[in-house]
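# Summary of the model geometry
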Amino acid sequence: MAYDDTNIFARILRGEVPCDKVYEDEHVLAFNDINAQTPVHVLVVPKGRYVSMDDFAANAPDEEIVAFVRAVGKIARDQGVAESGYRFLSNHGEDGRQEVPHFHVHLFGGRRLGRMITPIAQ
Ligand code: AMP
């Protein structure tokens, strides 16, 4: 799948659309989800043009992957959930119900999160 420069996170990264920023460095931008599911719900986004987790894992330079993982850990500590606990999750592709085609991780915390996956009828 080719990267779509019109996706909402690309527009946020270009500064065309505002966001509620919580963290930024050379490789990463993080902002609060517009439709927060938990008291802490941050989206962590690499600045590079990666469609999905699959694209990022296969094609990002090591430096960007390391920076991304370090940033997720720091953001969780800064948000005050490293002690109480959190979940980070990335939806990939159709079965994963990925809506925005720019790789991102959801960081959830601030309350008990329940089971990892909600069972659904097949
Ligand atoms: P998904 O691609 O399924 O992992 O989810 C995309 C997430 O992006 C959803 O949780 C949306 O609420 C969130 N989202 C969409 N547009 C914006 C925006 N402009 N600012 C912040 N979060 C957004």
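Scope of this entry: the structure provided in the associated data block.

So, how was this worked out
- Residues numbered from 1 in each chain as written.
- Predicted model: local features only at pLDDT ≥ 70, side-chain atom pairs only at ≥ 80, totals over all residues.
- Heavy atoms only, no water.
- Near = heavy atom within 4 Å.
- Polar contact = N/O pair within 3.5 Å; in protein donor to acceptor, adjacent residues only side chain to side chain.
- Areas by Shrake-Rupley, 256 points an atom, 1.4 Å probe, with all protein chains shown as cover.
- 1 Å grid on protein atoms, 1.4 Å probe; cavity = no way out; pocket = protein on both sides within 12 Å on 5 of 7 lines; lining within 4 Å.
- Sits in = over half its atoms within 2 Å of the grid points.
- Helix = DSSP H or I, 4+ residues; strand = E, 2+ residues; numbered from the N terminus.
- Nonpolar A, V, L, I, M, F, W, Y, C, P; charged D, E, K, R; others polar.
- Salt bridge = Lys/Arg side-chain N within 4 Å of Asp/Glu carboxyl O.
- Buried < 20%, exposed > 50% of the residue type's maximum accessible area, 1.4 Å probe, protein only.

Okay, the site of the ligand next. Every one of the 16 residues lining the ligand counts as a neighbour, but Asp33, Glu99, Val100, His104 and His106 are closest to it. A distance of 2.7 Å is found between an oxygen atom of the ligand and a side-chain nitrogen or oxygen belonging to His104. Contact distances for the ligand include 2.7 Å between an oxygen atom and a side-chain N or O atom of His106. Taking 500 Å² as the accessible area of the ligand by itself, protein coverage stands at 84%. In this structure the site holding the ligand corresponds to the largest pocket. Taken together, the elements giving at least two residues each to the shell around the ligand come down to α1 (8-13) and β2 (28-32). Per-element accounting of the shell around the ligand gives the leading share, three residues, to α1. Each residue belonging to the shell around the ligand can be placed in one class, and the counts come to seven nonpolar, six polar and three charged.

It is worth spelling out the pattern of salt bridges at this point. Counting across every chain of the model gives six salt bridges. Across the salt bridge formed by Glu16 and Arg11, the nearest N and O atoms sit 3.7 Å from each other. By relative accessible area, which is 46% here, Glu16 ends up partly exposed. Two residues, Lys74 and Asp78, come together in a salt bridge whose shortest N-O distance is 3.0 Å. Taken together, the residues Lys74 and Asp78, both in helix α3 (residues 62-78) and four residues apart, mark about one turn of the helix. On the accessibility criterion, Lys74 (35% relative accessible area) is partly exposed. In the salt-bridge network here, residues are joined through shared partners; they are Arg11, Arg14 and Glu16.

Remember, this is a structural readout, not a statement about activity or role.
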